[in-house]
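Chain residues, written in single-letter form:
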Amino acid sequence: MAERVLLRHLDVPDIHKLDVYLAHGGYAAARKALTTLTPEQVTEQVKASNLRGRGGAGFVAGMKWGFLPKDSPKPVYLCCNADESEPGTFKDRAIIEWNTHILLEGILITAYAIKCHTAYIYIRGEFAFGARRLHEAIAEAYKAGFLGKNIFGTGFDLDVYVHRGAGAYICGEETGLIESLEGKRAYPRIKPPFPATYGLFGCPTIVNNVETLACVPSIIANGPEWFKSIGPEGSPGPKIYCVSGHVEKPGLYELPMGMPLRTVIYDYAGGIRGGKKLKAVMPGGSSFPVLTPDEIDVHMDFDSMRKINAFLGTAGIIVMDEDTCMVRALEIIDRFYHHESCGQCSPCREGTGWLHKLLLRLEEGNGRPEDIDLMDRIAGNMMGNTVCVLADAAAMPTQSFLSKFRDEFVAHVTLGRCPLKKNGTGHRQAA
Amino acid sequence: MPKLTIDGREVTVEDGVNVIQAAERLGIEVPHYCYHPGLSISGNCRMCLVEIEKMPKLQIACNTKVAEGMVVYTRTPKVKAAQEAVLEFLLINHPIDCPICDQAGECKLQDYYMDYGAYKSRFPLEAKVRKRKVVDLGPHVVLDQERCILCARCTRFLDEVTKTSELGIFSRGDRCYIDLFPGKRLENPYSANVVDVCPVGALTHKDFRFKARVWYLEKTQSICTRCANGCNIDIYHRRGEMFRFRPRYNPHVNQYWMCDEGRLWYKALQQESRLTRPLLRGAQGFTAVTWDQAVNWVIEAITQAQATTTSGESAVAGIVGAKATNEEAYLCLRLLTSSCGTELVAGLSWSPPQAFADDFLIKADKNPNTRGLQALGLLNGKVAVTHILDAAEKGTIQVLVVFAADLVTALGREAVEKALGNVKVIVLDTDYSGTTEYADIVLPIGTVAETDGTYTNYAGRVQRVRQAFPPPGEAKTGWEALSLLHAKLGGASYLSAAEVFAELAQTVPVFAGLTYGKLGNHGVPLASLLPEEVRGAASA
Ligand SMILES: Cc1cc2nc3c(=O)[nH]c(=O)nc-3n(C[C@H](O)[C@H](O)[C@H](O)COP(=O)(O)O)c2cc1C
Ligand code: SF4
Ligand code: SF4
Ligand code: SF4
Ligand code: FES
């Protein structure tokens, strides 16, 4: 297999260090971009590569950069979204901690493309080690002249700052991130206006995910055609799959975009732990619909997933075996959204808590028959009607659990306990 | 000017207007909580959903600007269902304690859920998120966190209007609550406006809490007379008693706001010290007399003074306080100059030294009508109050008419005592004051709440006040009392304040062309009516 791009540290030890990174061709792409291409040409190449945002929404990166106003007198900012808090997702962390310079190089090229001279890396507060690694790498890069003034003698300046979050999922939502960076409560903003026109400190701003930015150097180094040749053309590139849950070999797998979900689970992650049967998979973190075993032949790319009403999301693949109680699993998911809703919008603030309480009641054996439809209705009322999509992120898994595993929810009501529970013990099943 | 269609009706509005405002022009109410026209758009309540052609999802009307050819529906089943859902969310943790809530009757939550059919909370009470019920925020405002729907109007007001940011939203999700930032108290001079912006009963005014059910109160358009700004207000009253002032929108004066001191000014207008009967001083002090007796006494005093005066010298003088309406001040002028033939009429506009003022609404001039008196030529320095008092002391005048002015507070007791010993003092006022102690006769008149009239604010805007209820006891409105005297002295009598104003507008050039009708709800600035040179000449 070819050398990995994003998880290159698995092939090249110590690549987080500048000398090792340089010895393996590091910053050559940045040099190429800054010294031989115009910002517009860089943007064109990234657009042509069809690089799609790895933060979950899959928006075409080059197109997003193109939304920046051409003639704004205000400075342009780049925010690297390193808040990675999606359940089941731990890919950005690996890049930050072990392939640190590829991220900085991606930031440098992107900043050049969008004519930005100040970039912020907003990193999840819990990633203390990652923040340290970033600080070290940034110091190295300044010293080597890859950051700071007159980079590569081109007259291009760039400063990069690391900002540590304080532990809220909502700070990963791009406008919540911007508010937080401004020193405010991370209340997502209503859109329009979008960050490209009114972002950080009211200035044009691009927010990109760590993995997205880490893809950029390889596009400049190898060309957009190379990038597009990896996986499906409309949604191409190297991709990190995060596999967690009841598999033999949980972990990160860098593979081309568009791998069949079955292949990732069975061929790479070693199949279901202890030879058990697969019951359910959340393929893209916790924020999207759950899949059943007969749906796992789907290809893991943005477009293929949409065709079966699923989402690639962060490719945080959460695998659940036959012993998993789906009521408890959903309770854990909705507990997360109940905890993390910023509380701004009525449907999300009240809906997440309401869902969670109903699920707790169901788990405790006190669920009412009408609660199942009530939960479905609450989730339906939360969808598509809030400032950010956290409400949808809670509603989508809820509705899919309720419809795909309805019998199990009904059984909880009729039995007054979990049907998987044997002889009244083992209520808290592995989940 | 985009033209759009809302519920099948066309409307043309200015650019930049949102769909809530456009609908309002057609008399269509789009239900909303977080939107407030005086604050930034927050878009958090999600109540203002509307259907817009060519848009797949429902849109929030507050953050949707009008566009040419836009087709909006505010009442489709889809919209109704979505709004019902939002209400359901808002009520799930709401205590629904309307029977003991001050906001009942003007609560948007209550209004809408009544519209949508009383909703039975699906959660047993013990499962509701409990928060603090009586949080003391400052001198005026109390917070009930459980009733709060987190619309962020209060925080936006404090962030954007006063820029004092005392309140914040703390915690996350359904645990969110409004509270003071550590070390802060809600005590800026405009703090009580948060009570008005709060769409529910979460923020209440200490002064109004539990005092009255709003549906028993009447509402009358008026002006705050606490300072020269002339903030537009509504007086809430019942059977001649005032319960509160609330700001009334005027884009030119106070937008949606008023200051805390002005808000409580109604108390100063209905104190024990109110005068309710004409009083005549005798050997044993004041005795109540009838209006006939009082008026006759006054007329006699004036005619006597005129008869005994030596040629040329005015025997009668008048002082008009800047509390007087334009109509009252004008009638004082008419009465004294035409009927009594005196030139000795001075205005008195007194404010405590170093009175508080800021660059927002509050003015250091604590009189509502200084500019009006100026416009009538009463404060131009031709006749000074001190000059009149000197004349009184010297005995050149025999009768002094004091209208709505307290000389004692303004000039000190000593000066007043020296001057007024030798003259007949006729006082027309609302309350006992230092000056009434020197009066020979007192005629009780109505306050701003009890009369029709106009004031001219610091910027020269002429604004109407309307009678909320008649003056107490036997008191008469100021213009009626003056009209009575005027008629007795052979002048005209007037049937209404409007009639007085019409004459004023005819005779005083700066007011030319104005009528009550033209003043409308927001008043008219004097300056805009006249070119600068005419204005200059008129006030010179
Ligand atoms: C509730 C919520 C949390 C999010 N958290 C993250 C995050 O931790 N990291 C991230 O990159 N994007 C996150 N996103 C997506 C961002 O809003 C945004 O789409 C993304 O950073 C854009 O980068 P991309 O185009 O490179 O994917 C989140 C979105 C929502 C609604
Ligand atoms: S949807 Fe939820 S998380 Fe997003 S802004 Fe609204 S309340 Fe906050
Ligand atoms: S206290 Fe009132 S104004 Fe403030 S957020 Fe709550 S409901 Fe809104
Ligand atoms: S600013 Fe002046 S007019 Fe306005 S409310 Fe306050 S005291 Fe009254
Ligand atoms: S009024 Fe529009 S969302 Fe609240």
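Each value, and the rule that gives it
Residues numbered from 1 in each chain as written. Chains lettered and ligands numbered in written order. Predicted model: local features only at pLDDT ≥ 70, side-chain atom pairs only at ≥ 80, totals over all residues. Heavy atoms only, no water. Salt bridge = Lys/Arg side-chain N within 4 Å of Asp/Glu carboxyl O. Helix = DSSP H or I, 4+ residues; strand = E, 2+ residues; numbered from the N terminus. Buried < 20%, exposed > 50% of the residue type's maximum accessible area, 1.4 Å probe, protein only. Patch = residues over 30% accessible without salt bridge, like charges linked within 9 Å, V, L, I, M, F, W, Y side chains within 5 Å. Areas by Shrake-Rupley, 256 points an atom, 1.4 Å probe, with all protein chains shown as cover. Pairing = 2+ DSSP bridges. Near = heavy atom within 4 Å. Polar contact = N/O pair within 3.5 Å; in protein donor to acceptor, adjacent residues only side chain to side chain. Nonpolar A, V, L, I, M, F, W, Y, C, P; charged D, E, K, R; others polar. Phe/Tyr/Trp six-rings, centres within 6.5 Å; stacked < 30°, edge-to-face > 60°.

J.: Lay out the pattern of salt bridges with the relevant residues and their values.
T.: Following the criterion strictly, the structure yields 53 salt bridges over all chains and no others. A:Lys279 is paired through a salt bridge with A:Glu408; the nearest N and O atoms lie 2.7 Å apart. With A:Lys279 in strand β9 (residues 278–282) and A:Glu408 in helix α17 (residues 406–415), this residue pair connects regions lying 129 residues apart in the sequence. Taken individually, A:Lys279 and A:Glu408 each receive the classification buried, so the pair is uniform in this respect. Close ionic contact of B:Arg132 with B:Asp179 constitutes a salt bridge, the shortest N to O distance being 3.2 Å. With a gap of 47 residues between them, B:Arg132 in the loop between α3 (108–115) and β6 (135–136) and B:Asp179 in strand β9 (residues 177–180) connect regions that are remote in the sequence.

J.: How would you summarise a nonpolar patch on the surface if you had to cite specific residues and measurements?
T.: A contiguous nonpolar patch, built from A:Phe59, A:Met63 and A:Phe67 and spanning about 280 Å² of accessible area, is present on the exposed surface. With respect to the secondary-structure elements, A:Phe67 resides in the loop between α4 (61–66) and β1 (77–82).

J.: Describe in detail the pairing of strand β2 (residues 118–123) of chain A, supporting the description with residues and values.
T.: Residue and element names in this part refer to chain A. Burial of β2 is extensive: six of the six residues sit out of reach of the surface. Judged by which residues are buried, β2 turns out to be covered on both faces: Thr 118, Tyr 120 and Tyr 122 on one side and Ala 119, Ile 121 and Ile 123 on the other are all buried. As judged from the six bridges shared by β2 and strand β4 (residues 156–164), these two strands associate in the parallel manner. Directly across from Ile 123, in β4, lies its bridge partner Arg 164.

J.: I'd like a rundown of the site of ligand 1, residues and numbers included.
T.: All names here are of chain A. The local shell around ligand 1 holds 19 residues, among which Gly 55, Asn 81, Asn 208, Asn 209 and Thr 212 are the closest. In this structure, Glu 174 approaches ligand 1 through a main-chain N or O atom, which is 3.0 Å from an oxygen atom. In this structure, Asn 208 approaches ligand 1 through a side-chain N or O atom, which is 2.8 Å from an oxygen atom. The fraction of the free accessible surface of ligand 1 (610 Å²) that becomes covered by protein chains is 89%. Looking at the shell around ligand 1, the element that brings in the most residues is strand β5 (residues 205–209), giving three residues. A per-class count over the shell around ligand 1 returns five nonpolar, eight polar and six charged.

J.: Tell me about the packing of aromatic side chains, and please be specific about residues and values.
T.: Applying the stated criterion across every chain yields a total of 27 aromatic pairs over all chains. Ring centres 6.1 Å apart and planes at 50° place the aromatic pair A:Tyr77 and A:Tyr120 in the tilted group. Remark: A:Tyr120 occurs in strand β2 and A:Tyr77 occurs in strand β1; sequence separation between them is 43 residues. The pair formed by A:Tyr77 and A:Tyr120 is uniform in burial state, with each residue classed as buried. Centre to centre, the rings of B:Phe501 and B:Phe511 are 6.2 Å apart; their planes meet at 90°, and the pair counts as edge-to-face. Here B:Phe501, found in helix α15 (residues 497–507), pairs with B:Phe511, found in the loop between α15 and α16 (516–519); they are 10 residues apart in sequence, far enough to count as distant. Of the two residues examined, B:Phe501 and B:Phe511, each falls in the buried class. Here a set of aromatic residues connected by ring pairs shows up, and it is made of A:Tyr21, A:Tyr27, A:Phe146 and A:Phe152.

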